[in-house]
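# Chain and residue survey
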Amino acid sequence: MQPNHSKRPRRYKTQPSNLAADFAKIRRNGYGRLILYSIIRFLLFRLDPETAHRLTFRLLRAMYALAPLRVLLRWGYRRNTPSLVTSLFGRELPNPVGLAAGLDKHAEYLDILCDCGFGWLELGTVTPQPQPGNKIPRLFRLPRARALINRMGFNSVGIDAFLTSLRRFERHCVVGINVGKNRDTPVEQAVDDYATALHTVYTTADYVAVNISSPNTPGLRGLQDEAQLEILLARLKQEQAALARTRAVYVPIAIKVAPDLDDVQITAMAQLIERHKLDAVIATNTTISRPGLERELLANEAGGLSGRPLKALSTDVIRKFHQALQGRVPIIGVGGIESADDVWEKMVAGADAVQLYTAFIYDGPALVKRILRGLERRVAQSGERTLAEAITKARSGVYLMR
Ligand SMILES: Cc1cc2nc3c(=O)[nH]c(=O)nc-3n(C[C@H](O)[C@H](O)[C@H](O)COP(=O)(O)O)c2cc1C
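Residues numbered from 1 in each chain as written. Predicted model: local features only at pLDDT ≥ 70, side-chain atom pairs only at ≥ 80, totals over all residues. Heavy atoms only, no water.

## Some details on the pattern of salt bridges
Applying the stated criterion across every chain yields a total of 24 salt bridges. A salt bridge links Arg138 to Glu50, with the nearest nitrogen and oxygen atoms 2.7 Å apart. Taken together, the residues Arg138 in the loop between β4 (120-126) and β5 (139-142) and Glu50 in helix α3 (residues 49-64) connect sequence positions 88 residues apart. Its relative accessible area of 8% is what places Arg138 among the buried residues. Residue Glu50 is classed as buried on the basis of its relative accessible area of 12%. A salt bridge links Arg370 to Asp363; the shortest N-O distance between them is 3.2 Å. Residue classification places Arg370 among the partly exposed positions, given a relative accessible area of 29%. Overall, the relative accessible area of 9% leaves Asp363 in the buried class. Within this structure, Arg146, Arg308, Glu338, Asp363 and Arg370 form a network of salt bridges that share partners. (Salt bridge = Lys/Arg side-chain N within 4 Å of Asp/Glu carboxyl O. Helix = DSSP H or I, 4+ residues; strand = E, 2+ residues; numbered from the N terminus. Buried < 20%, exposed > 50% of the residue type's maximum accessible area, 1.4 Å probe, protein only.)

Below you can see the structure in the form of C-alpha cells.
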C-alpha cells in the first residue's frame, strides 16, 4: 500500500499556522499582555503602592530610553480607531478614553502614557506652590474590590517645576492640566490660587481642569457650595476672557465634581456651570462613602475611594448632570471604568468622553487597547459608523443596552 502523503504535509502545515492563529488571537485580545501584566502585578503588589508606582514608571522610563523597546510599546498598545474619534473642547481625540488626574501628578510620563493608547491625558493635580502632601502611608489597595483608597493630599512639585517637566516632551496627545489649591491657602483665598494656576498653565494646557472635589484637602469640597462656586466660576471666566484676549487663544476650563452630591446640589451646580458657560464637567472624583465594602478591613482608612465600588455612584451623578444640562455642556465621565461596557454605560448616561485610573493599576496598559476593541465592536453591532452616532442612537432608546 502506498503511504498517504497527502495527510502528512497537512499536519505539518496546519500546526504552525494554528499556532500563529493562536498567537494572533492572543495578540488581538491582549491576553498575552494581560498574563504578563498579571505576573508583574503579582510582584509589584508585594510592595507598598507608592513604591510600586515609582518602580514601575522608573523601569518604563529606562526601557523607553531604548528605541526598539519604545517602538515595541507603541506598536503593542496604540491603536488606530477611526470609528472612535471623538470631539471634545473643539478638538479631535483619537478615542474617548482618557487618563484621569492623579497618576502623573508631576508631568513626568507623558510620552509613555500617550503610547499606552489613551486618547488624551489629564495631568496633575498641580498646586501653585510645591507641597509634600499627606504622610505616608496614604494609598491603599483593596484588590478583592478592585478599588483604591487614597489620601495623597495634593503632593505636588508646584506649577513651575511641573511646567518645566511638561515642556520637555513632544506632544502627541491632548493634555489637560488639573489644578488645585495649596493646603496652606485659606479657603477664602482659594479663588486666588485657582486664578494663579490658570494664568500660569494657560498657554501650555489644552484645557484646564479645576479640582474642587478632592476629599483630602480640608475645606476644598466646600467650594462646590452654591455661593462659593458662584464666586469661583465668575472669577475664572473673567480671567479666561482676559487671557483669551491677551494670548489670542481660548483654553477651555472644566470643573471636576465629587460623587457625594445630593440632587439639590447637582441641580444648583449644573445651573451655575451653564450660566457661567463652563466648558465641561468632569464627573466624578473619588468618594468618601464605602459602598459594598463591609468585609474590607482597609475600608476604614480615611480618603477617597476609587475603582469598581465607585462605578454606579459616578454614573448616577453623570446621568443627573446630563438630565440637567441636556448636552449643553460636555460631560467627562470617570469612576470605576474597567471595560468597554463600562465606557458605553457612562456615555449612554450622558458622558461625551471618559477617563480612568484605578483599573489601569489593576490591569496595566493592555486595558486601554482591550476597551477600544470592545467599543469598536459595539459600534459595529449598532450599525452606525461612529461611536458618537451609536451613543446618540442608544440614548434615544433605539439600540438598547445589552
Ligand atoms: C491614587 C489616586 C490619586 C488621585 N489623585 C487625583 C488628583 O490629584 N486630582 C484629581 O482630580 N483626581 C485624582 N484622583 C481621582 C481620579 O482622577 C478619578 O477621578 C477617580 O480615581 C475615579 O476614577 P477611577 O475609578 O477610574 O480611578 C486620584 C485617584 C487615585 C486613585
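## Focus: the confidence of the model for the protein
Per-residue confidence for the protein gives a mean pLDDT of 91; residues scoring 70 or more make up 90%. Ignoring residues within four places in sequence, the model shows residues 1-18, a span with pLDDT below 50, making zero contacts including any to other chains. A low-confidence stretch, residues 398-402 (pLDDT under 50), is modelled with eleven contacts involving residues beyond four sequence positions or located in other chains. (pLDDT = per-residue confidence, 0-100. Contact = heavy atoms within 4.5 Å.)

## Some remarks on the state of the cysteines
For the coordinates displayed, the defined rule picks out one disulfide. The disulfide that involves Cys114 links it to Cys173, with 2.1 Å between the sulfurs. One disulfide, between Cys114 and Cys173, carries an S-S torsion of 100 degrees and so falls in the right-handed class. Taken together, the residues Cys114 in helix α5 (residues 110-115) and Cys173 in the loop between α6 (159-166) and β7 (174-179) connect sequence positions 59 residues apart. Like Cys114, the residue Cys173 is buried in the burial classification. Free of any disulfide, Cys116 has its nearest cysteine sulfur in Cys114, 9.1 Å distant. (Disulfide = S-S within 2.5 Å.)

## Focus: empty space enclosed by the protein
Scanning the model with the defined rule gives two cavities of 30 Å³ or more in all. Looking at the largest cavity, the residues that line it are Arg146, Gly307, Arg308, Gly336, Ile337, Glu338, Thr358, Ala359 and Tyr362. If you tally residues by element for the lining of the largest cavity, the top one is helix α12 (residues 358-363), at three residues. In terms of residue class, the lining of the largest cavity is made up of three nonpolar, three polar and three charged. Each pocket or cavity is described by its volume, and for the second largest cavity that value is around 30 Å³. Looking at the second largest cavity, the residues that line it are Leu110, Asp111, Cys114, Glu170, Arg171, His172 and Cys173. (1 Å grid on protein atoms, 1.4 Å probe; cavity = no way out; pocket = protein on both sides within 12 Å on 5 of 7 lines; lining within 4 Å. Points joined across faces, edges and corners; volume = space filled by probe spheres on them. Nonpolar A, V, L, I, M, F, W, Y, C, P; charged D, E, K, R; others polar.)

## Considerations on the site of the ligand
Not every one of the 24 residues close to the ligand is listed here, only the nearest: Ala101, Lys105, Thr125, Gly336 and Thr358. One of the side-chain nitrogen or oxygen atoms of Asn178 is found 3.0 Å away from an oxygen atom of the ligand. Within the complex, 98% of the 610 Å² of free accessible area of the ligand lies under protein. Elements with a contribution of two residues or more to the shell around the ligand: β4, β6 (147-150) and β11 (304-307). Of the residues that constitute the shell around the ligand, the class distribution is eight nonpolar, 14 polar and two charged. (Near = heavy atom within 4 Å. Polar contact = N/O pair within 3.5 Å; in protein donor to acceptor, adjacent residues only side chain to side chain. Areas by Shrake-Rupley, 256 points an atom, 1.4 Å probe, with all protein chains shown as cover.)

## Some words on the packing of aromatic side chains
For the coordinates displayed, the defined rule picks out five aromatic pairs. Judged by centre distance (5.2 Å) and plane angle (55 degrees), the rings of Phe118 and Phe360 are tilted. With Phe118 in the loop between α5 and β4 and Phe360 in helix α12, this residue pair connects regions lying 242 residues apart in the sequence. With respect to burial, Phe118 and Phe360 carry one shared label: buried. Of the aromatic side chains, those joined through ring pairs into one cluster are Phe89, Trp120 and Tyr207. When the ring centre of Phe42 is taken as reference, the NZ or CZ atom of Arg46 above it lies at 4.0 Å. The ring of Phe45 carries the charged tip of Arg141 above its face, separated from the ring centre by 4.1 Å. (Phe/Tyr/Trp six-rings, centres within 6.5 Å; stacked < 30°, edge-to-face > 60°. Lys NZ or Arg CZ within 6 Å of the ring centre and 35° of its normal.)

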